[in-house]
Amino acid sequence: MAKSKTTFSCTACGSVFTKWSGKCDGCGEWNTIVEDTPISAGPSSATLGGSKGKSITLTDLRHEETPPPRTLSGVNELDRVLGGGLVPASAILVGGDPGIGKSTLLLQAAAEFARKGLKTIYVSGEEASAQVRMRAQRLKLTDAPVQLAAETNLRDILTTLDQEKPQLAIIDSIQTMWSDTVGSAPGSVSQVRAAAHELTSFAKRKNMAIVIVGHVTKEGQIAGPRVVEHMVDTVLYFEGERGHQFRVLRAVKNRFGAADEIGVFEMTGRGLSQVTNPSALFLAERGEPAPGSVVFAGIEGTRPVLVELQALVAPSPHAQPRRAVVGWDNSRLAMILAVLEARCGIPFTGLDVYLNVAGGMKISEPAADLAVAAALISAREDSAIPAKTAIFGEISLSGALRPVSQTENRLKEASKLGFTTAIAPVGGKAAQVEGMSQTQFADLAQFVGDIFGAG
Ligand code: TYD
Ligand code: MG
């Protein structure tokens, strides 16, 4: 006999365990595991053996499918991240830290889609309708035909959506929604999962696009958006640093378009405005060439973006020197430091190393390796990289430089912003861009010797 047993799940990543523990084996976070009540006990009989199901009609791959009709909001940065507009009958998750601007973004998006003729409903579980109206006033959106509701009861919301039949519904946020079929409190893993599941299958059944807002939570009893990532069609994260006005909307999963696509926005006193030339914005605060500062010619999705990397290397007062990274991967930094030491004889022992991606941008491309190495050596040797130089290239553990994709796009973007030289690996696709000269290196030691004198 199957006994109903308590399970535990991680509020950060949704991994399920049979026992409680302090650290989640799934994502490595501490204090995120909470007791869970299951959604249902499952079918009462243990096996499927009892009765036969009906057989399903199978089709082959040859069947012609017309691509889904998409609606454009007219906000380019948003449409591109969605994969070329909003797809009907889809579920979209928008995650982000509290206060980063999710509600602002979605209210503006709702207004744009409504102006384009989509019937749009915005359900807020966090703010009263009056508060949302006040924000709309401030954002000058009051003329848009968006319908508002302040509600958290999922049954009532679904009933209303079923009657009103909107083409776009926004649910802000999933952590405030509760379904009366689940016993636990709103925001718990089982509530969030159940509500997201209901909303997603409702979107498919009723041919409606549903946007679900989810707060990224650091700890405690509230489930994060990662718990529902697998259910929805599209996962977007809204990122940015509190102190900066830049915000990046990043697609991490998209069944209807390219993942890794980004849209760049700026938070102003009158809401979010799109940034059409992010490279210029990210490089705006850059002054004269300084030691430790390097410009990396990167690609985000289909678009080239130039960003500044800053490194600081200083003698460490600690027994264990510090390695601090903002906007890049920690373990990747450790790898670059190890390659520099082993293949070029440049040790960082006894030195604190700080690496920062300017403007609050986050980079995940391996093509940034060479630019990071250049910033580190430049900071360590206190010698600036020549002006108007952009750098890109992947470093392998042997110290060899590997060519990266889309060389031509990187060069074009750099040239557009007034750069005249690119440092790149050899062997990439031959790309010539007017006004750009290329210096190519086969391995890291050669690069170090040439740019910084014998390493
Ligand atoms: P909000 O959209 O409420 O964040 P979230 O829904 O992700 O929690 O945005 C909150 C922040 O945005 C708040 O700190 C103020 C700022 N903001 C502006 O700077 N300008 C504006 O026009 C608006 C509406 C908000
Ligand atoms: Mg909000």
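Here we summarise the structure given alongside this text. (Residues numbered from 1 in each chain as written. Chains lettered and ligands numbered in written order. Predicted model: local features only at pLDDT ≥ 70, side-chain atom pairs only at ≥ 80, totals over all residues. Heavy atoms only, no water.)

The tendency in soluble globular proteins is for nonpolar side chains to be buried as a group. With 66 residues, the main nonpolar core has Trp328, Leu376 and Leu444 as its most contacted residues. When residues in this core are grouped by element, the largest group, nine residues, is from helix α8 (residues 369-381). Among residues more than four places away in sequence, those in contact with Trp328 are Leu333, Ile336, Leu355, Val357, Ile363, Glu365, Ala368, Asp369 and Val372. Listed in part, the 35 residues of the second largest apolar core include Val94, Leu118, Leu139 and Leu168. (Core = buried A, V, L, I, M, F, W, Y, C linked by side-chain atoms within 4.5 Å. Buried < 20%, exposed > 50% of the residue type's maximum accessible area, 1.4 Å probe, protein only. Helix = DSSP H or I, 4+ residues; strand = E, 2+ residues; numbered from the N terminus. Contact = heavy atoms within 4.5 Å.)

Residues in contact with ligand 1 amount to 17 residues; listed here are only the nearest, Gly99, Lys102, Ser103, Thr104 and Gly271. Within the side chain of Arg135, one N or O atom sits 3.0 Å away from an oxygen atom of ligand 1. Between ligand 1 and the protein, one listed contact pairs a nitrogen atom with a side-chain N or O atom of Arg138 at 3.4 Å. Notes on ligand 1: free accessible area 560 Å², of which the protein chains cover 74%. Those elements that place two or more of their residues in the shell around ligand 1 are α2 (102-115), α3 (129-138) and β11 (262-268). Among the elements that line the shell around ligand 1, the one with the most residues is α2, at three residues. Residues that form the shell around ligand 1 fall into these classes: four nonpolar, eight polar and five charged. (Near = heavy atom within 4 Å. Polar contact = N/O pair within 3.5 Å; in protein donor to acceptor, adjacent residues only side chain to side chain. Areas by Shrake-Rupley, 256 points an atom, 1.4 Å probe, with all protein chains shown as cover. Nonpolar A, V, L, I, M, F, W, Y, C, P; charged D, E, K, R; others polar.)

The subject of this paragraph is the packing of aromatic side chains. What characterises a pair of aromatic rings is the spacing of the ring centres plus the angle enclosed by the ring planes. Considering all chains together, one arrives at four aromatic pairs under this definition. Pairing Phe246 with Phe282 gives two aromatic rings, centres 5.5 Å apart and planes at 80°, and the pair type is edge-to-face. Taken together, the residues span a long stretch of sequence, with Phe246 in strand β10 (residues 246-254) and Phe282 in helix α6 (residues 278-283) at a distance of 36 residues. Relative to Phe447, the ring of Phe441 lies with its centre 5.6 Å away and its plane at 80°, an arrangement referred to as edge-to-face. An identical accessibility class is assigned to Phe441 and Phe447; each is buried. Members of the aromatic cluster, each reached through a chain of ring pairs, are Phe441, Phe447 and Phe452. If you follow Arg380 out to its NZ or CZ, it ends over the ring of Phe348, 5.6 Å from the centre. (Phe/Tyr/Trp six-rings, centres within 6.5 Å; stacked < 30°, edge-to-face > 60°. Lys NZ or Arg CZ within 6 Å of the ring centre and 35° of its normal.)

Time to look at unusual backbone geometry. Going from Asp172 to Ser173, the amide bond is cis rather than trans, its omega being 0°. The topology assignment puts Ser173 in the loop between β7 (168-172) and α5 (189-205). Notably, Asn31 is not glycine yet its phi reads approximately 55°, a positive angle. By the element assignment, Asn31 lies in the loop between β2 (16-17) and β3 (33-36).

Here we come to the sheet that holds β2. If you trace the three strands from one edge of the open sheet to the other, you get β2-β1-β3, paired in antiparallel fashion. The open sheet has two free edges, formed respectively by β2 and β3, since each of these has just one partner strand. Inspection of the sheet shows strand β1 (residues 7-10) paired to β2 by two bridges, in the antiparallel sense. By the bridge assignment, Phe8 is partnered in β2 with Phe17. Packed on one face of the sheet, α5 meets β1, β2 and β3 and runs near 70° to β3. (Pairing = 2+ DSSP bridges. Axes fitted to C-alpha atoms, helices over the stretch in contact; angles between N-to-C directions.)

So, about α8. In an α-helix, one turn spans 3.6 residues, which is why side chains three or four residues apart end up on the same side. Over its 13 residues, α8 runs 18 Å from end to end, which matches the ideal 18 Å to within 8%, given 1.5 Å per residue. The element α8 is largely enclosed, with a buried count of eleven among its 13 residues. Buried residues of α8: Asp369, Leu370, Ala371, Val372, Ala373, Ala374, Ala375, Leu376, Ile377, Ser378 and Ala379, and no others. Once α8 finishes, Asp382 follows within two positions and takes phi at roughly 55°, a positive value. (Expected span 1.5 Å × (residues − 1).)

An order of β15-β16-β14-β13-β17-β20-β21 is seen for the seven strands of this open sheet, with the pairing classed as mixed. In this open sheet, the two strands that pair with only one neighbour each are β15 (323-326) and β21 (437-441). Ignoring which end each strand starts from, the neighbouring axes of this sheet average 25° apart. The pairing of β15 with strand β16 (residues 351-357) spans four bridges and is classified as parallel. Note on β16: the bridge partner recorded for Arg323 is Val353. Sheet strands touched by helix α7 (residues 330-344): β15 and β16. Its angle to β15, the strand with the most contacts, is close to 125°.

In short, geometric facts, not functional conclusions.
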